[in-house]
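Coordinate inspection notes
The lines below spell out each chain.
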Amino acid sequence: VCFIPGGLDCSISFVSHVLGKVCIHGRQKEILGVFVPRLTDLTKSDCVWQRICWRLVECVPDRWMEAVVLGFVQRAPGADVLSRLLGNLVMKNKKAQFVVTQKMLLLQYGHTTAVLQNLLGYLSLDSRRRTLLLRVLQELLETWSSSSAVKHSPAEQQLYISKAILICLSHLKEPEIESCRQELLTSMMAGVKCHLDSSLPQLRRLGMVVAEAISLKINTEGPVLKFEYEEEDETRELKSLLVQTPSFCVVPSLPDDDRSEKAGAALPLVLESSEKSHTAAPVMPDEESDAELDSDDDLIPYDMSEDKELKIKAPVYIRDCIEVLTGSRAEDVDKWEATVKALESLVRKNPAATREVSVELAKILLHLEEKTCIEGFVELRQRAQVAVLTTDPIPVAKYLTSQFYSLNYSLRQRMDILDVLVLAAQELSCPKFHGKTKHSGAQKPCIQLLPGSDTSKGWRRIVDERIKSKTRRFDMGQSRVELASCPNEFNSVAGYFFFPLIEHFDRPLTTFDLLGEDHLVLGRLVHTLAILMYLAVNTVAVTAMGKALLEFVWALRFHTDSYVRQGLLSCISSLLLSVPMERILADMTEELLETQSWLGDVMEKDPDGDCRRLALQNLLLMENLKKKLEAVPS
């Protein structure tokens, strides 16, 4: 830094122009890596240097202002330092105000949490800039509570906006909360609704966390909103943002324990029960402690060390199982539990007896509710349903697919039907699962079509492996030993699983509208059809199934829900992998060309990253199959 001797006046506009020019040409890191630490030290106790620094950034031309402001925000070690360096730049320069309050918060979402804390902390440190903080919070809440924004913006942007809202809330003071309490409540109600309507678990969880934080701020004395969700690293990080770090200094990464403590300080109700459990003894009133120290302490407990639990014998016949499951006597609860646990193995050991009552048993299991707190009840019921369906596929598949579009069923029951159809189809198409390994931890075909969950991508991994097997490579090492071939039992029944599901999707019922508000079930249906299409490879009906599936995809290709679009793109992958390319070119040439054009648009314009990836994968698969077909001599 140069010093001007003799107290002479000077202009630093030339330095401002140089700074802006260097930053706009991509050298922010180099120049500001030197400038910011030096200016931070000089402005700590010297108000003259503060004025020089303010003048330095104010004289940067508007066309270079964004690069300079962004560089300062990214490299300042804290919001208080940023406030010393920039002063009230956002109040004096419209370009800087647009960058700070609009572009970096609403139009971009790649900045780190530390940058957000610097930015919003800077707005909160001056009374004149706090008006901008309140305006920013209002605009962020409008975006967060917009159903259109939730549907059409990527999950990464939703997370970014949620972080910004929580940081803004942490800087609000009580008078400011009181002045905008009604607006906060309105935005919270609208935002939590559109987030809970989403098919993606991450977005639903974001809506719950932000709604809880807003509720905690506006209801300091009364009851607050509380949801049940799984605590993850992302959730703990979001809750920790409600706590201001000392001197507004950003902590890059906190250990899980520290983040949990900070989250608990911001939301005391989260840890209320655990705190009570640890502090119950010291804070217990004297009256209560005296009441518990009564004459009961003198009673001698019975010796129950040699007591043995009575084992209830499970039924050995299928019809006895039906009688127990449909019974209503309260004393048969233990027998009911034993029946539920033994039903699957009993069905597989007695296929002939099962076929006599297969539809009746499928109906009972579909409507079966948990009478007691039996461990793993949902999985036990599902395994029994799969066993019944694989034992007598055609009549049971007809019954289940007909009930999917029937009245008086909950969404949970309809999704259970889809899960059972998928698991049974996988078992029928892969006979190697029969026997003891069928439901072991390694071989269990646990396909739960939940968006964003680990198991929902199991079948996608299979598809990726199939794509890899159809791609020509050289120098791949030793070839694998081929598995023993076996008949595909799904061949003769694939149509009974597939066509009834695709038949009535566009006919709304009184309580069930797939093309309306029940888009979560539609997404599950689309993914189910993709799996059934993939499992139908080399079957007789695969070409007809592929043609029907392509028409189904074409009708829904512009759906607003990203989970549904992911399923549609997975349907295209399954179709290309299962239907012979010769049949595709012979029967679906025009549709294939239109699909190729649509995939190109999705790859370039879809806001969801998974959709873009799947579209690119499909285009590459089409190209590989086309080259493979051309290489075959006619």
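Residues numbered from 1 in each chain as written. Predicted model: local features only at pLDDT ≥ 70, side-chain atom pairs only at ≥ 80, totals over all residues. Heavy atoms only, no water.

Inclusion rule: UniProt positions are given in the numbering used here, feature names are shortened, and annotations may be inferred rather than shown by experiment.
Per an unreviewed UniProt entry, the chain goes by Telomere length regulation protein TEL2 homolog and derives from Rhabdornis inornatus. Turning to the chain, the UniProt record has this under Sequence similarities (unreviewed entry): "Belongs to the TEL2 family."

Describing the overall build of the chain
To keep it simple, the criterion reads: Helix and strand assignments follow DSSP, with helices taken as H or I runs no shorter than four residues and strands as E runs no shorter than two, numbered in order from the N terminus. Buried residues are those whose accessible area, probed at 1.4 Å on protein chains only, stays under 20% of the maximum for their type, while exposed residues exceed 50% and partly exposed ones sit between those limits. By the convention used here, residues are in contact when the closest approach between their heavy atoms is within 4.5 Å.
Scanning the chain for helices and strands turns up 33 helices and zero strands. The buried share among the 634 residues of the chain stands at 47%. Put simply, 74% of the contacts in the chain that link residues at least 6 apart link residues at least 24 apart.

Some remarks on the nonpolar core
As a reminder of what qualifies: What we call a nonpolar core is a set of buried Ala, Val, Leu, Ile, Met, Phe, Trp, Tyr and Cys residues that are connected through their side-chain atoms within 4.5 Å.
If you look at the biggest cluster of nonpolar residues, it comprises 94 residues, and the most contacted ones within it are Phe404, Phe490, Phe497 and Leu525. The element best represented in this core is helix H28 (residues 519-535), accounting for eleven residues. Ranked by size, the runner-up nonpolar core spans 78 residues in total, among them Cys23, Cys53, Val90 and Leu238.

Comments concerning the packing of aromatic side chains
Note the threshold: In this analysis, rings of Phe, Tyr and Trp, with Trp reduced to its six-membered ring, are considered paired at centre separations within 6.5 Å, and the interplanar angle assigns stacked below 30 degrees, edge-to-face beyond 60, and tilted for intermediate values. Cation placement over rings: the criterion is NZ of Lys or CZ of Arg within 6 Å of the ring centroid and within 35° of the ring normal.
In the structure shown here, the tally under the stated rule is six aromatic pairs. Measuring from centroid to centroid gives 5.9 Å for Trp336 and Phe377, while their planes differ by 25 degrees, and the two rings are stacked. Of this pair, Trp336 sits in helix H20 (residues 333-349) while Phe377 sits in helix H23 (residues 377-391); the two residues are 41 residues apart in sequence, bridging distant segments of the chain. Across the pair, exposure class does not vary: Trp336 and Phe377 are buried alike. On the basis of an interplanar angle of 85 degrees and a centroid distance of 4.9 Å, the ring pair of Phe404 and Tyr405 is categorised as edge-to-face. Residue Phe404 shares its accessibility class with Tyr405, and that shared class is buried. Taken together through their ring pairs, the aromatic side chains of Phe404, Tyr405 and Phe512 make up a single cluster. We note Arg414 situated over the ring of Phe512; from NZ or CZ to the ring centre the distance is 4.0 Å. The cationic tip of Arg557 hangs over the ring face of Trp554; the distance from NZ or CZ to the ring centre is 3.8 Å.

Notes on the environment of Ser124
Threshold: Nitrogen and oxygen atoms within 3.5 Å of one another constitute a polar contact, given that in protein one can donate a hydrogen and the other can accept it, and given that sequence-neighbouring residues count only through two side-chain atoms.
Note that Ser124 resides in helix H8 (residues 113-124). Linking Ser124 and Asp80, residues 44 residues apart in sequence, is a C-alpha distance of 9.8 Å. At a separation of 3.4 Å, a polar atom in the side chain of Ser124 contacts the side chain of His171.

Let's talk about the pattern of salt bridges
Rules: When a carboxyl oxygen of Asp or Glu lies within 4 Å of a side-chain nitrogen of Lys or Arg, that pair is called a salt bridge.
Applying the stated criterion across every chain yields a total of 23 salt bridges. We note a salt bridge from Glu30 to Arg27, for which the minimum N-O separation is 3.1 Å. Arg27 gets classed as partly exposed once you look at its relative accessible area, which sits at 48%. For the salt bridge of Arg524 with Asp419, the shortest nitrogen-to-oxygen distance reads 3.1 Å. Here Asp419 lies in helix H25 (residues 411-429) and Arg524 lies in helix H28, a separation of 105 residues in the sequence. We classify Asp419 as buried; its relative accessible area is 1%. Here the residues in one salt-bridge network are Arg381, Arg412, Asp416, Asp419 and Arg524, joined through shared partners.

So, helix H2 (residues 28-42)
What counts, and what does not: The span one expects for a helix is its residue count, reduced by one, times 1.5 Å. Working note: the arc is built from the helix axis to C-beta atom directions.
The terminal C-alpha atoms of H2, which comprises 15 residues, lie 20 Å apart, in line with the 21 Å expected from a rise of 1.5 Å per residue. Residues of H2 that are buried: Gln28, Ile31, Leu32, Val36, Leu39, Thr40 and Leu42. Relative to the axis of H2, the buried residues are bounded by an arc of 155 degrees and lie together on one face. Contacts from the buried residues of H2 go to helix H1 (13-24), helix H3 (47-58), helix H4 (62-75) and helix H5 (79-86).

Quick word on the confidence of the model for the chain
Going by this rule: A residue's pLDDT is the predictor's confidence in that residue, given on a scale from 0 to 100.
Looking at the chain as a whole, its pLDDT mean stands at 80, while 78% of the residues score no less than 70. Scored below 50 in pLDDT, residues 433-456 shows 49 contacts in the model against residues more than four places distant or in partner chains. Note that pLDDT drops below 50 for residues 474-481; the model gives that stretch zero contacts with residues more than four away or on any other chain.

Describing the packing of helix H11 (residues 155-171) against helix H14 (residues 201-218)
Inclusion rule: A fitted line through C-alpha atoms serves as each axis, taken over the contacting stretch for helices, and the angle formed by two N-to-C directions is quoted from 0 to 180°. Any angle between 65 and 115 degrees counts as roughly perpendicular, while under 35 counts as roughly parallel, over 145 as roughly antiparallel, and the rest as oblique. Three classes are used: nonpolar for Ala, Val, Leu, Ile, Met, Phe, Trp, Tyr, Cys and Pro, charged for Asp, Glu, Lys and Arg, and polar for all others, with Gly counted as polar.
Following both chains from N to C, one finds H11 and H14 inclined at 10 degrees, their axes separated by 10 Å at the closest point. When the axis of H11 is compared with that of H14, the two are roughly parallel. In this structure, H11 uses Ala155, Gln158, Leu159, Ser162, Ile165, Leu166, Leu169 and Ser170 to contact H14, whose residues at the interface are Gln202, Leu203, Leu206, Val209, Val210, Ala213, Ile214 and Lys217. Residues of the contact of H11 with H14, tallied by class, amount to eleven nonpolar, four polar and one charged.

Quick notes on the packing of helix H22 (residues 358-367) against H23
Here is the rule we go by: Crossing handedness follows the turn of the near helix against the far one: under a right angle anticlockwise gives a left-handed crossing, and clockwise gives a right-handed one.
Orientation of H22 relative to H23, taken along the N-to-C sense of each, is 160 degrees, at an axis distance of 10 Å. When the axis of H22 is compared with that of H23, the two are roughly antiparallel. At the point where H22 passes H23, the crossing takes the left-handed sense. Contacts between H22 and H23 involve Ser358, Leu361, Ala362, Leu365 and Leu366 from the first element and Arg381, Ala384, Gln385 and Val388 from the second. Considering only residue class, the contact of H22 with H23 consists of six nonpolar, two polar and one charged.

So, the environment of Tyr109
With respect to the helices and strands, Tyr109 occurs in the loop between helix H7 (94-107) and H8. For the pair Tyr109 and Tyr160, spaced 51 residues apart in sequence, the C-alpha to C-alpha distance is 5.8 Å. Look past the residues within four positions of Tyr109 in its chain and what remains in contact with it is Pro154, Glu156, Gln157 and Tyr160.

With respect to the environment of Phe490
Relative to the helices and strands, Phe490 resides in the loop between helix H26 (458-469) and helix H27 (494-503). A relative accessible area of 0% places Phe490 in the buried class. Expressed as a C-alpha distance, the spacing of Phe490 and Ala425, which sit 65 residues apart in the sequence, is 6.4 Å. Setting aside chain neighbours within four positions, we find Phe490 in contact with Ala425, Leu428, Ser429, Phe497, Leu532, Leu535 and Ala536.

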